[in-house]
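Summary of the model geometry
The lines below spell out each chain.
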Amino acid sequence: MPGETDPLVSSAKTNAEPPEVEIQPVLERIKDVVRVYWALGFFAFGGPSAHIGILRDHLVRVHKWLDEDVFMELFALGQGLPGPTSTQLVISTASTHGGALGGALAFIMWSLPGYIVMTLSGKYLYTFVDPSNPPMWLLGVPPAAMSLIFKASYGFVKSLDIFGVSIGIVACVVSILVNGDYNIPSNSTQVIYPILLIGGGLATYIDYSRENSIGTYVKKDPSDEESGKSKMSAEDQKMVNKIGLTVQDGLKYFFLWLFLLVGSVAAVKTGVAGEFVTLFESFFRIGSLIFGGGVVMIPMAQSEFVYEKGWLTDEQFFQGVGLVQSLPGPMFNFSAFIGALHGGFTGSVVGEIGLMGPGFILIFAILPIWANFRHILWFKAVLKGLNASAIGLIVGGCVFLYAKSVKCAADAMVFMLAGTLAGFYNLDAPFVILSGVIFGSVFSYLELGQKPY
């Protein structure tokens, strides 16, 4: 709408790139990125679903840096890569305007406020709180956090078409089986989850290739000689130039990720790794295997750091989950809490770099490939399958996370009340967590619903 201004950054330009003008100097574009993303780092509450809506309003509707189709493709790209989905969307959208430097700055500003709070909490919270006997005001935080995860999962499922639902339910059932069978090792998810993602992409590619597809895809006219590939427009070429990365640059980022992954794993396996290299390896390995964002990260982190390494208890884990849910920015800031709890301030930095690193590196690896080949329509179809499988993994994770965070009738009541406030009254995430604090405290003080399941 003409004259519309950004509600968070009113001083930013409302139309940074008119179609007919030359590309702004890189310094000007970096300044625009700083104006927009610094504010979002303080106000982007609500988790991935809310983040996507906020970014769409800022970048598509107000600033007009990119159109709706490009925005949704970048979202699907993040869903198909390991790492924090909404953070990768922040990096990729900022990069389409400010290049790789703009993407890196946006990442820092997006993550920094929540990172600081999670680091201080991991370092000092349990100086004052006994994790085996938490105060009543913390009792309702885990079930309230769980209600937000259920809400996000429901929103993702609604976005799927009929074939995507079929792919998602397969991934969901397999993930439940893998995590709930005595004969399947818990760490097998690190292999099975990527296979499910690849299988989802392959399924939509095959379906796309059929004459009567089950799913919904954009297809070219059969008479088109390019057979699914269109020429790059002037606007698309302008975006490629803004990003400023070549396909060769993307390959360099990929090999950097591979070197760090293989090198850190080898250092731990050979016994030459110190405390912080071991911490980095754990987070970097998990970050390289998490498809679907922060919700998928939670069960994997719980298995690694609670059950295998014993660095924190179930209660501490879910208290940290509830805290990160109540803060702006990515859920992957949870790594700062675990890192600080285990290794102080240095541990928080190592943990943050470790868990965020794979997604950060790989989004720069894939961006130039996407920008140069996004007109190939089968590529878009593959992204839909990756997205559907990722959503199935999120829903499957909810099954086990619920059992861990809801342990008595009082927890179930908090879950239902907080979920109603989040799902039906659209209460923002910080206030949903606050409602959990209030409800949990009241039920504990009055000794209501304390019978364990």
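Scroll up to find the structure this text is about.
This section reports on the structure supplied with the text. What you are looking at is a predicted structure, and each value in this text was computed from that prediction instead of being measured. Per chain, the residues get numbers from 1 upward, laid out in the order the sequence is written. Local features in this predicted model are restricted to residues of pLDDT 70 or higher, and side-chain atom pairs are both shown and tallied only at a pLDDT of 80 or more, whereas totals for entire chains, interfaces and linings draw on every residue. The side-chain values count all of the structure's non-hydrogen atoms but skip hydrogen atoms and water molecules.

This part is about the overall build of the chain. Here a strand is any run of E in DSSP of at least two residues, a helix any run of H or I of at least four, and the numbering for each starts at the N terminus. Secondary structure summary: the chain contains 17 helices and zero strands in total. A burial count over the chain gives 54% of its 453 residues as buried. The criterion used for residue contact is that any of the two residues' heavy atoms lie within 4.5 Å. Within the chain, contacts between residues at least 6 apart in sequence are counted, and of these 75% link residues at least 24 apart. Accessible areas in this description were obtained via Shrake-Rupley with a 1.4 Å probe; residue shielding takes into account the shown protein chains only. As presented, the chain carries roughly 20000 Å² of accessible surface, and 66% of it is formed by carbon and sulfur atoms. Each residue gets one of three labels from its accessible area relative to the maximum for its type: buried under 20%, exposed over 50%, partly exposed in between, using a 1.4 Å probe on protein chains only.

What follows deals with the packing of aromatic side chains. Any Phe, Tyr or Trp ring, taking Trp's six-membered ring, that has another such ring centre within 6.5 Å forms a pair; planes under 30 degrees apart are called stacked, those over 60 apart edge-to-face, and the others tilted. By the definition in use, this model includes 20 aromatic pairs. Judged by centre distance (5.1 Å) and plane angle (55 degrees), the ring pair of Phe107 and Phe360 falls under tilted. Placement of the pair is Phe107 in helix H4 (residues 85-128) and Phe360 in helix H14 (residues 334-373), with a sequence separation of 253 residues. Residue Phe360 is classed as partly exposed on the basis of its relative accessible area, which comes to 23%. Taken together, the ring pairs connect Phe107, Tyr253, Phe360 and Phe364 into an aromatic cluster. Above the face of the Tyr217 ring, Lys384 is positioned so that its terminal group lies 5.2 Å from the ring centre. For a Lys NZ or an Arg CZ to count as sitting over a ring, it must be within 6 Å of the ring centre and within 35 degrees of the ring normal.

What follows is about helix H7 (residues 162-180). Between its terminal C-alpha atoms H7 stretches 27 Å, which fits the 27 Å expected from 19 residues at 1.5 Å a residue. By the burial criterion, the buried members of H7 are Phe163, Gly164, Ile167, Gly168, Ala171, Cys172, Ser175 and Val178. Structurally, the start of H7 carries an N-cap: the backbone nitrogen of Phe163 is 3.2 Å from a side-chain oxygen of Asp161. A helix is expected to span 1.5 Å for every residue after the first. Any N or O atom pair separated by 3.5 Å or less is treated as a polar contact, with the protein-specific requirement of one donor-capable and one acceptor-capable atom, and with residues adjacent in sequence counted only for side-chain atom pairs.

Here the focus is the packing of helix H16 (residues 409-423) against helix H17 (residues 429-445). An axis is simply a line fitted to the C-alpha atoms; with a helix, the fit covers only the stretch in contact. Between two such axes, the angle follows the N-to-C directions and lies from 0 to 180 degrees. Taken N-terminus to C-terminus, the directions of H16 and H17 make an angle of 150 degrees; their axes are 9 Å apart at the nearest point. With respect to H17, the axis of H16 lies roughly antiparallel. Considering only the axes of H16 and H17, their crossing is right-handed. Residues Ala410, Met413, Val414, Leu417, Ala418, Leu421 and Ala422 of H16 touch H17, and the partners they reach there are Val432, Ser435, Gly436, Phe439, Gly440 and Phe443. An angle below 35 degrees is treated as roughly parallel, one above 145 as roughly antiparallel, one from 65 to 115 as roughly perpendicular, and anything else as oblique. Crossing chirality is assigned from the near helix's rotation relative to the far helix, an anticlockwise turn below a right angle marking it left-handed and a clockwise turn marking it right-handed.

This part takes up helix H13 (residues 314-325). Within an α-helix, residues lying three or four positions from one another point in the same direction, as the helix has 3.6 residues per turn. A rise of 1.5 Å per residue sets the reference length of H13, with its twelve residues, at 16 Å; its end C-alpha atoms lie 16 Å apart and thus fit the reference within 8%. Within H13, ten of the twelve residues are buried, leaving the element largely enclosed by the surrounding structure.

The phi angle at Asn426 is positive, at roughly 55 degrees, despite the residue not being glycine. Tracing the backbone through its elements, the reader meets Asn426 in the loop between H16 and H17. In the Ramachandran plot, Glu447 falls in the positive-phi region, its phi being about 55 degrees despite a non-glycine side chain. Among the structural elements, Glu447 can be located in the segment after H17. For Glu447, a relative accessible area of 66% corresponds to the exposed category.

What follows deals with the nonpolar core. Across soluble globular proteins, you tend to see nonpolar side chains buried next to one another. Working definition of a nonpolar core: buried Ala, Val, Leu, Ile, Met, Phe, Trp, Tyr and Cys residues. They are joined through side-chain atoms within 4.5 Å. Tyr37, Phe317, Phe334 and Trp370 are the most contacted members of the largest nonpolar core, which has 118 residues in total. Per-element tally for this core: the top contributor is H14, with 16 residues. Beyond its immediate chain neighbours, meaning those up to four positions away, Phe317 contacts Ile298, Ala301, Gln302, Val306, Leu312 and Phe334.

Now for the pattern of salt bridges. As a working rule, side chains carrying opposite charge can pair if their charged atoms are close by. Every case where a carboxyl oxygen of Asp or Glu lies within 4 Å of a side-chain nitrogen of Lys or Arg is listed as a salt bridge. As enumerated under the stated definition, the model contains eight salt bridges in all. The shortest N-O distance in the salt bridge between Glu315 and Lys407 comes to 3.5 Å. Of this pair, Glu315 sits in helix H13 while Lys407 sits in the loop between helix H15 (377-405) and H16, and the two are 92 residues apart along the sequence. Residue classification places Glu315 among the partly exposed positions, given a relative accessible area of 33%. Since its relative accessible area comes to 39%, Lys407 is described here as partly exposed. When salt bridges that share partners are traced, they join Glu281, Arg285, Glu304 and Lys309 into one network.

Once that is clear, we can look at the packing of H7 against H15. At a minimum axis separation of 7 Å, H7 and H15 run at an interaxial angle of 40 degrees. As the angle between them shows, H7 and H15 are arranged oblique. Crossing of H7 over H15 shows right-handed handedness. Contact residues: H7 offers Gly164, Ile167, Gly168, Ala171, Cys172, Ser175, Ile176, Asn179 and Gly180, while H15 offers Gly385, Ala388, Ser389, Gly392, Leu393, Val395, Gly396, Val399 and Phe400. All amino acids are sorted into three groups, where Ala, Val, Leu, Ile, Met, Phe, Trp, Tyr, Cys and Pro are nonpolar, Asp, Glu, Lys and Arg are charged, and the leftover types, Gly among them, are polar. For the contact of H7 with H15, a count of residues per class yields nine nonpolar, nine polar and no charged.

In this scheme, patches are assembled from residues that exceed 30% relative accessible area and form no salt bridge. Like charges are connected within 9 Å, while nonpolar side chains (Val, Leu, Ile, Met, Phe, Trp, Tyr) are connected within 5 Å. Where nonpolar side chains cluster on the molecular surface, the patch consists of Met136, Trp137, Leu139, Met413, Leu417, Phe431, Leu434, Ile438, Val442, Tyr445, Leu446 and Leu448 and spans about 1100 Å² of accessible area. For the nonpolar patch, the secondary structure elements donating two or more residues are helix H5 (136-139), H16 and H17. No other element matches H17, which puts five residues into the nonpolar patch. Of note, Met136 is situated in helix H5. When its relative accessible area of 35% is taken as the criterion, Met136 is described as partly exposed.

With that out of the way, let us pick up the side chain of Ser335. Following the sequence through the fold, Ser335 ends up in helix H14. In this structure Ser335 comes out as buried when scored by relative accessible area, which is 1%. Setting aside anything within four residues of it in sequence, one finds Ser335 in contact with Phe283, Gly351, Glu352 and Leu355.

The next thing to look at is the environment of Ala171. You can see Ala171 is positioned in helix H7. According to the relative accessible area criterion, Ala171 is buried, its value standing at 1%. Each C-alpha atom, one on Ala171 and one on Ile192, is 9.6 Å from the other, the two residues being 21 residues apart in sequence. The residues contacting Ala171, other than those within four sequence positions of it, are Leu196, Ser389, Gly392 and Leu393.

What follows deals with the environment of Val414. With respect to the helices and strands, the residue Val414 is situated in helix H16. Among the residues examined, Val414 registers a relative accessible area of 2% and is labelled buried. In the structure, Val414 is positioned 268 residues away from Met146 in sequence and 9.9 Å away in space, judged by C-alpha atoms. In contact with Val414, not counting residues within four places along its chain, are Gly140, Pro143, Ala144, Gly419, Gly436, Phe439, Gly440 and Phe443.

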